[in-house]
Amino acid sequence: CALLASLGGLSFGYDQGVIANVLVMAYFQRRFVLTPLSTGFMTAFLELGALLGSILIGVFGDAQGRGRMMSYACLVFIVGGSVQCGSFRLWQLIVGRGIGGVGVGMLSTLTPLYISEISPPHMRGALMSLEQLSIVSGVVLGFWIGYATRHIDNEGSWRIPLALQLVPGIVLLLGCVSGLLPTSPRWLVLRDREPEAEESLRRLRNGEDEVNIQVSSIEFMEMRVEKALIQRTSAKDVGTWAMLFTAKYRPRTAIGVLMMAFQQWSGINALLYYGPTLLSTLGFSDNLVISGGIGITQLVAVFPAIALIDRVGRKPLLRSGSAIMTLSHFIIAMLIIVFGSEWSEHPVAAWSAVGCIYLFTFAYGLSFGPIGWVLPSEVFPLSVRSRGVALSTASNWANNFLIGLVTPPLIALSAQGTFTLFAAACFGGYIWCTYWVPETRGVGLEEMDAVFRKDGASDAGREEGEMRRQIEEELGLGRLLEEAGRA
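Residues numbered from 1 in each chain as written. Predicted model: local features only at pLDDT ≥ 70, side-chain atom pairs only at ≥ 80, totals over all residues. Heavy atoms only, no water.

**Observations concerning the overall build of the chain**
Link 1 in the chain: A count of helical and extended segments in the chain gives 23 helices and 0 strands.
Link 2 in the chain: Across the 487 residues of the chain, 58% fall into the buried class.
Link 3 in the chain: The long-range share in the chain, meaning contacts at least 24 apart out of those at least 6 apart in sequence, stands at 82%.
Link 4 in the chain: Element-wise, carbon and sulfur atoms account for 64% of the exposed surface of the chain, whose accessible area totals about 18800 Å². (Helix = DSSP H or I, 4+ residues; strand = E, 2+ residues; numbered from the N terminus. Buried < 20%, exposed > 50% of the residue type's maximum accessible area, 1.4 Å probe, protein only. Contact = heavy atoms within 4.5 Å. Areas by Shrake-Rupley, 256 points an atom, 1.4 Å probe, with all protein chains shown as cover.)

Shown next as structure tokens:
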């Protein structure tokens, strides 16, 4: 289920990978005459649409359900992709990217939200990392398909790779409408459909033996406790946008929003969108193959991330990753300052800069890449999870839009300044994840409150803890745990 749902990330990743090749194709440049600013705007318009798409999920995600909204998102994405590959004017291409972006934004919000709600706690990080694996697989596929079609002696060189982005959207749509994706049990609890929620949970846990049934019953009861607790403690603002900005949930909202902001300002998408352009500043004229290696490096890094995220934890990966990314960007900036005017005479320096780009990409793929999708989807309570994830994803797309818009003029103005800016952002990410990000490894979604009360429980926190214990007693969770212990 998680693998099928993650196809939404493949759609976004494919666009990231293919656009780097499309922008430098001869027939594309003949059809659309672009300046650095118009290139940035055309590239970034997909992110602007995605920003709108993520907000739409925050508004309608709880009312319509995850699966139904996912099918709507696929339809929107297919329409946008069709307009792109059939464009003859720049405005048509921009409109197509905007429409497709709405679909991408909806999918990028729904996919981690859905996977977090169906995953068992001990596997949640690994399963949610499938979103990043899907994105990066799309990047690699998109780049090398574009690389393979670039020599076609007609407009098919760029229309074919743009058309192929429709494939994952169609496959995911078929999966949604055919019922292959079970309804999220936590969404069903939220909608007061508890018998269906219990049945969906047992289907997801895929076991009819006594142990699996007991574990599913406990997990289901924890969902009911969480819902009752939220209703009693937040009756006025429950399920609203305002709840995200109350004193209790502001730290979680800040984690979701800043996680995505630091992810984007690390510079990864600048490399994916404008890899050939950036590499030309390092003295490489025929640089498409080197640029394609960026995506492959990121793909390789996802596999150890999947293996480590639920063993080592989120925080150690974030800290080590941001430290390596900071150092990599700083070294590249220094190399450009020292050797930028005479790369041809210093090939070792040029290749050292390429090595630092690959090192940065590997560190990103091990840390901020996958964890950027994991953390925002697991820190919010059930009642505002869709809005919290939507706001976090909106932060992703807003910052992604800015990156796509400003990178071309920034590179033209100062390549070393561009890498210095990214180094500063990565260092800021290191400080932030060291002092303000809690460890969520192995914590159930319904137990996340305890993580945010560790640093000294307030009176309100102690009162809420007492209320939780009272609800658990009322609903019989303690009895279930005792029975499971005896079994």
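Now that the structure is up, let's keep going.
**Some remarks on the packing of helix H2 (residues 7-22) against helix H6 (residues 90-118)**
Link 1 in the chain: Interhelical geometry of H2 versus H6 gives an angle of 135 degrees and a closest axis separation of 8 Å. Of the possible angle classes, the one that applies to H2 and H6 is oblique. For the pair H2 and H6, the crossing hand works out as left-handed. In this structure, H2 uses Gly8, Phe12, Asp15 and Ile19 to contact H6, whose residues at the interface are Arg97, Val104, Leu107 and Thr111. (Axes fitted to C-alpha atoms, helices over the stretch in contact; angles between N-to-C directions. Parallel < 35°, antiparallel > 145°, perpendicular 65-115°, else oblique. Left-handed = near helix turned anticlockwise from the far one by under 90°.)

**What about the pattern of salt bridges?**
Link 1 in the chain: Evaluated as defined, the whole model comprises 10 salt bridges.
Link 2 in the chain: In this structure, the salt-bridge partner of Arg314 is Glu378, at a minimum N-O distance of 3.0 Å. Residue Arg314 is found in helix H16 (residues 314-339), and its partner Glu378 is found in helix H18 (residues 368-378); the two are separated by 64 residues along the sequence.
Link 3 in the chain: Judged by its relative accessible area of 0%, Glu378 is buried. (Salt bridge = Lys/Arg side-chain N within 4 Å of Asp/Glu carboxyl O.)

**Here we look at the environment of Ser116**
Link 1 in the chain: Position of Ser116 relative to the elements: it lies in helix H6.
Link 2 in the chain: Sequence separation between Ser116 and Glu378 is 262 residues; the distance between their C-alpha atoms is 6.5 Å.
Link 3 in the chain: In this structure Ser116 touches Arg124, Met128, Arg186, Ser377, Arg385 and Leu445, once residues within four positions along its chain are discounted.
Link 4 in the chain: Of the polar contacts made by the side chain of Ser116, one reaches the backbone oxygen of Ser377; its length is 3.2 Å. (Polar contact = N/O pair within 3.5 Å; in protein donor to acceptor, adjacent residues only side chain to side chain.)

**Overview of unusual backbone geometry**
Residues other than glycine predominantly adopt negative phi, and peptide bonds predominantly adopt the trans conformation.
Link 1 in the chain: Even without being a glycine, Asp192 presents a positive backbone phi close to 60 degrees.
Link 2 in the chain: Looking at the element boundaries, Asp192 is found in the loop between helix H10 (185-190) and helix H11 (194-205).

**A closer look at the confidence of the model for the chain**
Link 1 in the chain: Per-residue confidence for the chain gives a mean pLDDT of 83; residues scoring 70 or more make up 89%.
Link 2 in the chain: Taken element by element, the predicted model of the chain shows its lowest mean pLDDT in helix H23 (residues 477-486) (66) and its highest in helix H20 (residues 415-435) (94).
Link 3 in the chain: Confidence drops under a pLDDT of 50 for residues 455-461, and excluding neighbours within four residues, the segment shows 2 contacts in the predicted structure. (pLDDT = per-residue confidence, 0-100.)

**A closer look at the packing of helix H13 (residues 250-265) against helix H19 (residues 385-413)**
Link 1 in the chain: For the pair H13 and H19, the least separation of the axes is 8 Å and the interaxial angle reads 25 degrees. With respect to their mutual orientation, H13 and H19 come out roughly parallel. Relative to H19, the crossing made by H13 is right-handed. Where H13 abuts H19, its residues Thr253, Gly256, Val257, Met260, Ala261, Gln263, Gln264 and Trp265 lie against Leu391, Ser392, Ser395, Asn396, Asn399, Asn400, Leu402, Ile403 and Val406.
Link 2 in the chain: Of the residues contributing to the contact of H13 with H19, the split by class is 8 nonpolar, 9 polar and no charged. (Nonpolar A, V, L, I, M, F, W, Y, C, P; charged D, E, K, R; others polar.)

**Here we look at H6**
Link 1 in the chain: For H6, spanning 29 residues, the distance from its first C-alpha to its last is 42 Å, which sits close to the expected 42 Å at 1.5 Å a residue.
Link 2 in the chain: Among the 29 residues of H6, 24 are classified as buried, and the element is accordingly described as predominantly covered. (Expected span 1.5 Å × (residues − 1).)

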